[in-house]
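Okay, here's what each chain looks like letter by letter:
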Amino acid sequence: MNLDQLARQVHATSRLTGRFVLRSGRVADEYFDKYQFEADPVLLDALAARMAALVPTDTQVLAGLEMGGIAVVTALGRHTGLPCAFVRKAAKPYGTARLAEGADVAGRRVLVVEDVVTSGGQVVISAGELRGLGARVDAALCVIDRQEGGAEALAAAGISLRALLTRADLAAHAEHPTA
């Protein structure tokens, strides 16, 4: 599936209209329900296959953010062969009590993987916590960049954002759904 076909499929599968409050607190009139493309194994695999080319060559660990980034990072790991870490929003007080489960991140080049980036807030927070664990984090990868300031917020934190699709890519399919 080429990138245009993927954008069309993501748009058809996950775009909702209405009134939605985003994690950032912003209100939006359209929403990309990431769980719809993450729950479709064929579409998720096709997205991950295309995302693999965007992984920086010096990446040692893929770190998926709870909750949506977990499905994406697992699929991406299959295509890259890289180990994965699963990053919680907060460490649980029982069991291993770790913030990052799975692959060890200390002293390693870690790529943060997220499904949708809007403000970039959670990526910045999680990257800071991973850095606190000794990870070297200077890049993030997402399926959709909503182009609402996330890339700029990440850049301010020393993180470059790579996106498979942007809001503009998906908007093109709203205007020309069969193009």
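**Q** In this structure, what is going on with the overall build of the protein? I would like to understand it.
**A** Helix and strand content of the protein: seven helices and eight strands. Computed over the C-alpha atoms, the radius of gyration of the protein is 16 Å, within 12% of the 16 Å expected from 2.2 N^0.38 for a compact globule of 179 residues. Based on the C-alpha atoms only, the size of the protein along its principal axes is roughly 45 × 35 × 30 Å. Long-range pairs, those at least 24 residues apart, make up 60% of the contacts in the protein between residues at least 6 apart in sequence. When the accessible area of the protein is evaluated, it comes to approximately 8400 Å², of which 53% is carbon and sulfur surface. One finds the centroid of the 19 positive side-chain charges in the protein at a distance of 4 Å from the centroid of its 20 negative side-chain charges.

**Q** Looking at this model, I keep getting lost on the packing of aromatic side chains. Mind explaining?
**A** When we look at a pair of aromatic rings, we describe it by the centre distance and by the angle of the planes. In total, this model carries one aromatic pair according to the counting rule given. When the centroid spacing of 5.2 Å and the interplanar angle of 25° are considered together, the rings of F20 and Y31 count as stacked. Taken as a pair, F20 in strand β1 (residues 15–21) and Y31 in strand β2 (residues 27–32) lie far apart in primary sequence, eleven residues in all.

**Q** Is there a simple way to think about unusual backbone geometry in this case?
**A** For residues besides glycine, phi is generally negative; the peptide bonds are generally trans as well. Residue E66 is joined to M67 through a cis peptide bond whose omega torsion reads 0°. Among the secondary structure elements, M67 is positioned in the loop between β3 (61–65) and α4 (68–80). Although it is not a glycine, A97 adopts a positive phi angle of roughly 55°. Mapped onto the fold, A97 is located in the loop between β4 (84–87) and β5 (100–102). By relative accessible area, A97 is classed as partly exposed at 41%.

**Q** Just checking my understanding: could you explain helix α5 (residues 121–132) for this structure?
**A** The α-helix advances 3.6 residues per turn, and as a result positions three or four apart in sequence lie on the same side. The end-to-end C-alpha distance of α5 is 17 Å, a good match for the 16 Å that twelve residues give at a rise of 1.5 Å each. Turning to α5, its buried residues number three or more, namely Q122, V123, S126, A127 and L130. Buried residues of α5, seen end-on, are gathered within an arc of 125° and therefore sit on one face of the element. Here the buried face of α5 lies against β3, β4, β5, β6 (109–117), β7 (136–145) and α6 (150–156). G134 sits one or two positions beyond α5 and adopts a positive phi of about 100°.

What counts as what
Throughout this description, residue numbers start from 1 for each chain and increase along the sequence as written. Totals for whole chains, interfaces and linings use all residues, but because this is a predicted model, local features are given only for residues with pLDDT of at least 70 and pairs of side-chain atoms are given and counted only at 80 or more. Side-chain metrics in this entry use all non-hydrogen atoms of the structure; hydrogen atoms and water are not considered. Helix numbering and strand numbering both begin at the N terminus, where a helix is a DSSP run of H or I of at least 4 residues and a strand a DSSP run of E of at least 2. Only the C-alpha atoms count toward the radius of gyration. The rule for a globule is 2.2 Å times the residue count to the power 0.38. Contacts: residue pairs with any heavy atoms within 4.5 Å of one another. Note on areas: Shrake-Rupley with a 1.4 Å probe; residue coverage comes only from the protein chains shown. The charge count treats Lys and Arg as positive and Asp and Glu as negative. His and the chain ends do not count. Lys charges are placed at NZ, Arg charges at CZ, Asp charges at CG and Glu charges at CD. Pairing of aromatic side chains here covers Phe, Tyr and the six-membered ring of Trp, requires ring centres within 6.5 Å, and sorts the geometry by plane angle: under 30 degrees stacked, over 60 edge-to-face, intermediate tilted. A simple rule labels every residue: compare its accessible area, found with a 1.4 Å probe on the protein chains alone, to the largest value its type can have, and call it buried under 20%, exposed over 50%, or partly exposed in between. A helix is expected to reach a length of 1.5 Å times the quantity of its residues less one. Starting at the helix axis, one direction is taken to each C-beta atom, and the arc is that of these directions.

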